[in-house]
Amino acid sequence: MEEVRKDMGYPQKKNGFQTKRYCQTLELKDDPLLIDEYVRRHSLPDHWPEIREGIRSVGILEMEIYHVGTTLFMVIETPLDFNWEQAFKELSKKPRQAEWEKSMNIFQDADSILASAKWKIMERIFHL
C-alpha cells in the first residue's frame, strides 16, 4: 500500500452519480495521550467492523475524519435522497453502535454520547 502524506492530499472515490456532503466538527479533550488513542482506535486494524458496516447500511457512501490539535473535522458523502435524521436514528439501533459511542465519549469534549448530538454540522461558506 502506498504511503499517504497529508501534504500530498488524499485520493477520492468517484461514485458515478451525483452526491451530497455533510461536514461536521467535534472537539477532543486536550490530552495528547487520549488523542493518540482516539486516532489509533479509528485505524483499520483497531476499528470495529460492525461500525463500518452500520455506517454503510444507512446509506453513507464515504466518511472521513481529519484532525488538527483537538479539533476533528468529518466529511460524510451520501446519495442526494439521503435523510440525515432517519439514517442516524437507524444507525443508533445497529449492533454495537451504542457501545462504540460510549467508548469514544471518553475522548470527546461533548455532553452527549449520541453521535448525532456530539458532532456539529457546519455551514458551507465558500465553494469554488
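Further up the page is the structure itself.
Residues numbered from 1 in each chain as written. Predicted model: local features only at pLDDT ≥ 70, side-chain atom pairs only at ≥ 80, totals over all residues. Heavy atoms only, no water.

Novice: What am I meant to see in the pattern of salt bridges here?
Specialist: Close approach of charged atoms allows side chains of opposite charge to pair. Within the structure shown, the criterion is met by 8 salt bridges. For E62, the salt bridge is made with K13, and the minimal N-O distance between the two is 3.7 Å. Here E62 is found in strand β2 (residues 62–68), whereas its partner K13 is found in the segment before β1 (19–27), with 49 residues between them in sequence. On the accessibility criterion, K13 (54% relative accessible area) is exposed. (Salt bridge = Lys/Arg side-chain N within 4 Å of Asp/Glu carboxyl O. Helix = DSSP H or I, 4+ residues; strand = E, 2+ residues; numbered from the N terminus. Buried < 20%, exposed > 50% of the residue type's maximum accessible area, 1.4 Å probe, protein only.)

Novice: Sorry if this is basic, but what is going on with a nonpolar patch on the surface here?
Specialist: Together, I125, F126 and L128 give the surface a local cluster of nonpolar side chains, amounting to about 490 Å² of exposed area. Relative to the helices and strands, L128 is located in the segment after β4 (120–121). (Patch = residues over 30% accessible without salt bridge, like charges linked within 9 Å, V, L, I, M, F, W, Y side chains within 5 Å. Areas by Shrake-Rupley, 256 points an atom, 1.4 Å probe, with all protein chains shown as cover.)

Novice: Whenever I open this one, the layout of surface pockets confuses me. Can you help?
Specialist: The rolling of a water-molecule-sized probe over the atoms marks out the regions of remaining empty space. Of the pockets and cavities examined, the second largest pocket occupies roughly 460 Å³. Lining the second largest pocket we find 17 residues, and of these R21, Y22, C23, V75 and R124 sit closest to its centre. Only β1, β2 and β3 (71–79) provide two or more residues apiece to the lining of the second largest pocket. Here the lining of the second largest pocket is built from residues that sort into 9 nonpolar, 2 polar and 6 charged. (1 Å grid on protein atoms, 1.4 Å probe; cavity = no way out; pocket = protein on both sides within 12 Å on 5 of 7 lines; lining within 4 Å. Points joined across faces, edges and corners; volume = space filled by probe spheres on them. Nonpolar A, V, L, I, M, F, W, Y, C, P; charged D, E, K, R; others polar.)

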